[in-house]
Each structure stands twice: as structure tokens, then as C-alpha cells.
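# Structural overview
Listed below are the residues making up each chain.
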Amino acid sequence: MIGFVFRWLLPAFGLGMVAMALLGAPGRGAPPLESLWHAPVQTTVTRARIIEPDGVFPYARTAVLVAWPPGSGEEAEVGAMSIGEQTTHRRVLEMEVARFPAGTPITVRVAGGRPWADVADGFALAWTIGMTLLGSLLAAVGLFVNRVLR
């Protein structure tokens, strides 16, 4: 029974980890890792505002809206564009909004057809790489054991 586990389940588990890490990678993170494969796009800020607490967000937050798609009259909120902390200090939020006056050019990444902040989610990227390497290692060890136990 233990031979079966090491011969077949260990490599299958490792390959499953690799598949899970790679198939879920494009949508993982904020902004999604998919945005790393697209060139950044230049657009302009239409307005920045403070959004008051509601049922979804229990704290006030900032929102930066840009012309989206670029050059159109429509606008969209830039995802993952935050000050990095949940704050109740109105002055901090006002300072953040003041950084993005209307007409300011801004570079955004595109994922899922919407604009995202021009940053990379380091945790999502590290998780994907780590799971891929760990799964590959388990699969390699399992295949080695499979050959040894023949």
C-alpha cells in the first residue's frame, strides 16, 4: 500500500499542484497576474473621489476614475488603487485624492478588460511560483520513487 502511495499518488499530487498553480494564475491577485502579460496603457484621470462607507466597504476609501477605454467618453474605476491601509482619517483620504487631479496622465495595466493600478501583486506571484516549484519537486520525487520501486 505504501508503495502505491509513493509510486502513483505522490507524482499525481505534484502534477495536480502544478496544474492548479498555473491554471489559476491569470486571475490570481489584485491586480490579476494576467496584467503582467499585457503592456501598460496610458490614459487620463477623469476624477478622483472619496467613497463613503456602505454595506460592501465598512470604511471610507478613495477611487480614481479614468477615461476607459482610452479616448472614450466613458470612465472606469482603477482597481487595486488604494493607499494601502484602511483609514478613518479624512485628511489622509483627501491627500490621496489630491494626488490625482482631473486630466493627469496615468499608466494602468489591463486585465479582464478593466484598468488596474500599474503594480504587481508580489504575494500572488510568489504563491504561483512556489506552488509550481513545490509541485514539480513532488512530481519529480514521485517519478524517481516510481522507477526505483519497479
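All of the points below concern the structure found in this document. The model shown is predicted, which means the values in this text are computed figures rather than measured ones.

This paragraph deals with the pairing of strand β5 (residues 114-117). Pairing geometry for strand β4 (residues 105-111) and β5, over 4 bridges, is antiparallel. Its bridge partner being in β5, Val 110 is matched across the sheet by Pro 115. Taking the residues between adjacent antiparallel strands as the criterion, β4 and β5 are bridged by 2 residues, where Gly 112 takes a positive phi near 65 degrees.

Attention now moves to the side chain of Arg 61. Position of Arg 61 relative to the elements: it lies in strand β2 (residues 61-67). At 2.9 Å, the side chain of Arg 61 and the side chain of Glu 77 are in polar contact. Discounting residues that sit within four places of it in the chain, Arg 61 has contacts with Arg 49, Ile 50, Ile 51, Glu 77 and Leu 93.

Looking now at the nonpolar core. Residues Val 64, Val 66, Val 78, Met 81, Phe 100 and Ile 106 are the most contacted members of the largest nonpolar core, which totals 14 residues. Those elements giving two or more residues to this core turn out to be β1 (41-51), β2 and β4. Considering every element that reaches this core, the biggest residue donor is β4, with 3 residues. In this structure, Ile 106 is in contact with Val 41, Gln 42, Thr 43, Thr 44, Val 45, Val 66, Met 81 and Phe 100, ignoring residues within four places of it in sequence.

The next subject is the sheet that holds β5. Taken in spatial order, the 5 strands line up as β3-β2-β1-β4-β5 in an open sheet, and their pairing is antiparallel. Pairing within the sheet leaves two strands with one partner each, and these edge strands are β3 (75-77) and β5. Neighbour-to-neighbour, the strand axes of this sheet turn through a mean angle of 55 degrees, independent of strand direction. The sheet contact formed by β1 and β2 spans 6 bridges and is antiparallel. Looking at β2, one finds that Arg 47 is bridged to Leu 65. Against the sheet, helix α2 (residues 90-98) engages β1 and β2, with an angle of about 155 degrees to β1.

Each value, and the rule that gives it
- Here, residues in each chain are numbered from 1, in the same order as that chain's written sequence.
- Reporting of local features is limited, given that this is a predicted model, to residues whose pLDDT is at least 70; pairs of side-chain atoms are given and counted only at 80 or more, and all residues count toward the totals for whole chains, interfaces and linings.
- Think of the side-chain values as coming from all heavy atoms in the structure, minus any hydrogens and water.
- Any two strands with at least two DSSP-identified bridges between them are counted as paired.
- Helix numbering and strand numbering both begin at the N terminus, where a helix is a DSSP run of H or I of at least 4 residues and a strand a DSSP run of E of at least 2.
- For the purposes of these results, a polar contact is taken to be a pair of N or O atoms within 3.5 Å, where, inside protein, one atom must be able to donate a hydrogen and its partner to accept one; residues adjacent in sequence count only when each atom of the pair is a side-chain atom.
- Pairs of residues are marked as contacts when any of their non-hydrogen atoms sit within 4.5 Å.
- Think of a nonpolar core as a cluster: buried Ala, Val, Leu, Ile, Met, Phe, Trp, Tyr and Cys residues, connected wherever their side-chain atoms sit within 4.5 Å.
- For every residue, the accessible area obtained with a 1.4 Å probe (protein chains only) is divided by the maximum for its type, and the residue is called buried under 20%, exposed over 50%, and partly exposed between those limits.
- Angles here are taken between N-to-C directions and fall from 0 to 180 degrees, while the axes themselves are lines fitted to C-alpha atoms, restricted in helices to the stretch in contact.

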